[in-house]
Amino acid sequence: MTFSSFLINLFSHVPRLNFKFHWTKDIFNFDWSSEYFQALALVACLGAAVSLLLLVTIIIVWICQACRKNETTGKTRRRVRRLSTVLFIISVLCFFMLGICLFANEHVNRGMSISINSVINSKKSYQISMAQISQFQEAALNTTVDLKNLEDIVHQESKKTKNATIVQQIDQILTNITDEIDIIAKNGKLFQAKHDDDIGTLENIRKFLSMYESERWAFLVILLSITMCVLFTGVVAFCKQSKKGAVVFSAIGFFIFVVVWLLISVSLPVTIALADFCRDGDQVTRKNLGNLYETVQFYNTCVPVTTHDNLPRPIASHVALLNNIPASKSQLDRLMEVAFNSSAAITNSSSAVGEDITKLLKLAGAVSSSSSCYVFHDDVANFYYGTCNQSVAGMSIYMMSILLLGLLLFVLLIVVSKTWNLFSRLSKTSYPVRVRPFRYESAASHDCALPIGRAQLSPTVVVRTTQPATSVLLNKRVSFRPEEYIEVDDDDPFFPRGVNDSTIPVDIYGTHVYNPRTRDRTEPSTNTTSGTADESNAPLWSQNVSTPLVSNSMTRQPFMSDHPYTTYEDRYN
């Protein structure tokens, strides 16, 4: 059992139910009112119902996803990566299924091309065979005319001879030869009239198959190519983690999903019909081929040999009438030579009949050669091979692959809806950062103390804010756009251009309090905080304390008093 025969038997188990949901025995009948057509329509409706159910599911999930409240958690970046990876894997599987669909489409096209070429070759061979039969029939008519002339001459010459027995034998042989030639001429005419439309039938089959296959192949290639382009756009959007690209892919992918499932709904009954044709298509074949059906069946089942005697029954019976004519003609010539003593009129007429019979024998050989089994067998067998082997296998592979593609697209459209919120956070992502207070020093320190939003930050950078320490929460999430950089203008209060550094306030927020970098500095305070107003400039730890807290304790030294750089400027530089 071949793979194609296994698939044909597998599709034969698909229920064929009419509109009353009764099992129908009508097989491969494409009449619009037939029960078989109703069964195929129900199969198509089943595919449409499944696609409709999946569409409703997608719409419900999308509505729920659109109405879902956005929740920002610390695992957003990880979730986005995982979701992008899942979408990429599903898209790769969709590409793989599309490749299989294109392969199966080419497989079906190759099978149908074999069948179309076999029809073309059969048509050419059949035209040659019919031309030989036509010449054979015309030669038989000409031989009939010459035989009648010979009979008239024999009747005239028989009046001059006295050997009545030989004349009767001559007349009997002439009658037999004339009747056989006449039968050949009449049968040839009947055969031509019976099979006159065979060439047109083969041409109609060729046109139908060519038109159907070319349109089917081009239609599927265009749709699958569009689907591939849409999937490629989706893959780019997933890799870039773009919300806009994900939304556009969702919109276009929705229509692609509908188109794919419509193809499934149409492809399934077509595949079943093709399998039924290869298993039980004799009735439809007989109806469409007419008188050509028996000839096709003969050439499909015959065993090709090098001899010319393996012919269809009508042609074989047509040619077999000439088997006894050469022997009868030889006997007729001997009797006429004895009876009429080599009469010139009889000799000339007999020679004309002999030439006609020789021509008939040559044309009979040409008919046998052009109509033999080995001429048509390969073409007819290739037709069934291309249709019932290659095409059935290709359509089955295509059906399974496009069904898997439809399911993968369903999963893809469900999963891609989750990116609508996650990818939107990616464009303005929140990162946990460590915050500590700092004081705005001077223009020379901008590279290490820029305000929030003025520099491109990474998730691991330490941000020093201009707010007081009491107003900043540790592990606070700072939102910014990594791709944006805002140019500082002349009105920026933190970094005015064209202004001397000496005019910049020493401390704007009083953040020098408890700041180790300003513990030993002597700049006057701006008195912007209650902790620095009306107090001495000496550090707190170097001020005199009236009573030590603990006796015999070590005196606390100024911060970094033992550092080789004794001044703030040296340490800073």
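Residues numbered from 1 in each chain as written. Predicted model: local features only at pLDDT ≥ 70, side-chain atom pairs only at ≥ 80, totals over all residues. Heavy atoms only, no water.

Moving on: the overall build of the protein chain. Regarding its fold elements, the protein chain presents 14 helices and four strands. A buried classification covers 40% of the 573 residues belonging to the protein chain. For the protein chain, restricting intrachain contacts to residue pairs at least 6 apart in sequence, the fraction spanning at least 24 positions comes to 83%. Carbon and sulfur atoms form 59% of the exposed surface of the protein chain, whose accessible area is close to 32,700 Å². (Helix = DSSP H or I, 4+ residues; strand = E, 2+ residues; numbered from the N terminus. Buried < 20%, exposed > 50% of the residue type's maximum accessible area, 1.4 Å probe, protein only. Contact = heavy atoms within 4.5 Å. Areas by Shrake-Rupley, 256 points an atom, 1.4 Å probe, with all protein chains shown as cover.)

Here we come to the state of the cysteines. All told, the structure shown has two disulfides when counted by the stated rule. Bridging Cys 278 to Cys 388, the disulfide has an S-S length of 2.2 Å. Between Cys 278 and Cys 388 the disulfide shows an S-S torsion of about -95°. By sign, it is left-handed. Of the two residues, Cys 278 is situated in helix H6 (residues 243-280) and Cys 388 in helix H12 (residues 373-416); the sequence distance between them amounts to 110 residues. (Disulfide = S-S within 2.5 Å.)

This next bit is on a nonpolar patch on the surface. Among the surface-exposed residues, Phe 208, Met 211, Tyr 212, Val 266 and Val 270 lie close enough to one another that they form a single nonpolar patch of about 470 Å² accessible area. For the nonpolar patch, the secondary-structure elements that each account for two or more residues are helix H5 (198-240) and H6. It is H5 that contributes the most residues to the nonpolar patch, three residues altogether. Along the chain, Tyr 212 falls in helix H5. Assessed through its relative accessible area of 34%, Tyr 212 is described here as partly exposed. (Patch = residues over 30% accessible without salt bridge, like charges linked within 9 Å, V, L, I, M, F, W, Y side chains within 5 Å. Salt bridge = Lys/Arg side-chain N within 4 Å of Asp/Glu carboxyl O.)

Scanning the model with the defined rule gives eight salt bridges in all. The closest approach of N and O atoms between Glu 203 and Lys 123, which form a salt bridge, is 2.3 Å. Of the two residues, Glu 203 sits in helix H5 while Lys 123 sits in helix H3 (residues 76-158), which places them 80 residues apart along the sequence. You'll find Glu 203 and Lys 123 in the same group, each marked buried. With a closest N to O distance of 3.5 Å, Lys 186 and Asp 182 form a salt bridge. Of this pair, Lys 186 and Asp 182 are both found in helix H4 (residues 164-194), four residues apart, which corresponds to roughly one turn of the helix. Via salt bridges that share partners, Arg 16, Asp 276, Arg 279 and Asp 280 belong to a single interconnected network.

Moving on: the nonpolar core. Counting 46 residues, the largest nonpolar core has Phe 136, Leu 150, Ile 170, Ile 181, Leu 322, Leu 332 and Met 336 as its most contacted members. The contact partners of Ile 170, leaving out residues within four places of it in the chain, are Val 154, Leu 332, Leu 335, Met 336, Ala 339 and Phe 340. Core analysis: the second largest hydrophobic core is formed by 42 residues, Leu 223, Leu 224, Phe 238 and Ile 402 among them. (Core = buried A, V, L, I, M, F, W, Y, C linked by side-chain atoms within 4.5 Å.)

Once that is clear, we can look at the UniProt feature "transmembrane region" (unreviewed entry) in the protein chain. When the UniProt feature table is mapped onto this chain, "transmembrane region" (unreviewed entry) is found at residues 36-64, 85-105, 217-239, 246-264 and 397-416. For residues 85-105, the end-to-end C-alpha separation is 30 Å, with 100% helix and 0% strand making up the annotated structure. Secondary structure content for residues 397-416 is 100% helix and 0% strand, while the C-alpha to C-alpha distance between its ends is 28 Å. (UniProt positions renumbered as here; feature names shortened; annotations may be inferred.)

Moving on: the packing of helix H10 (residues 325-340) against helix H11 (residues 344-370). It is the contact of H10 with H11, at a shortest axis distance of 11 Å, that shows an interaxial angle of 175°. Here H10 lies roughly antiparallel to H11, going by the angle between them. Contacts from Ile 325, Pro 326, Lys 329, Asp 333, Met 336 and Phe 340 of H10 reach H11 at Ile 346, Ser 350, Val 353, Gly 354, Ile 357 and Leu 361. Tallied by class, residues from the contact of H10 with H11 come to eight nonpolar, two polar and two charged. (Axes fitted to C-alpha atoms, helices over the stretch in contact; angles between N-to-C directions. Parallel < 35°, antiparallel > 145°, perpendicular 65-115°, else oblique. Nonpolar A, V, L, I, M, F, W, Y, C, P; charged D, E, K, R; others polar.)

Attention shifts here to the packing of helix H7 (residues 282-289) against helix H8 (residues 292-301). In the contact formed by H7 and H8, the axes pass within 7 Å of each other and the chain directions differ by 125°. One finds that H7 runs oblique with respect to H8. Facing Asp 282, Thr 285, Arg 286 and Leu 289 of H7, the residues of H8 in contact are Leu 292, Tyr 293, Val 296 and Gln 297. Among the residues forming the contact of H7 with H8, the class breakdown is four nonpolar, two polar and two charged.

With 72% of its residues at a pLDDT of at least 70, the protein chain reaches an overall mean of 76. The secondary-structure element of the protein chain with the lowest mean pLDDT is strand E3 (residues 463-465), recorded at 42, while H12 shows the highest, at 92. Every residue in residues 528-535 scores below 50 in pLDDT, and together they form 13 contacts with partners more than four places removed in sequence or on other chains. (pLDDT = per-residue confidence, 0-100.)

A few words now on the packing of aromatic side chains. In this structure the tally under the stated criterion is nine aromatic pairs. With a centroid separation of 6.0 Å and an interplanar angle of 90°, the aromatic rings of Phe 254 and Phe 255 are classed as edge-to-face. (Phe/Tyr/Trp six-rings, centres within 6.5 Å; stacked < 30°, edge-to-face > 60°.)

Relative to the helices and strands, Glu 213 is located in helix H5. What makes Glu 213 buried here is its relative accessible area of 3%. As for Glu 213 and Ser 113, which are separated by 100 residues in sequence, their C-alpha atoms are 8.3 Å apart. With residues up to four places along the chain from it excluded, the contact list for Glu 213 reads Val 108, Asn 109, Met 112 and Ile 116.

Our focus in this paragraph is H8. Listed as buried for H8 are Leu 292, Tyr 293, Thr 295, Val 296 and Tyr 299. Here the buried residues of H8 occupy an arc of 165° about the axis, which is enough to place them on one side. Turned more than 90 degrees away from the buried face of H8 sit Glu 294 and Thr 301, all of them exposed. Residues of H8 that are buried make contact with H3, H5, H7 and H12. (Arc of directions from axis to C-beta.)

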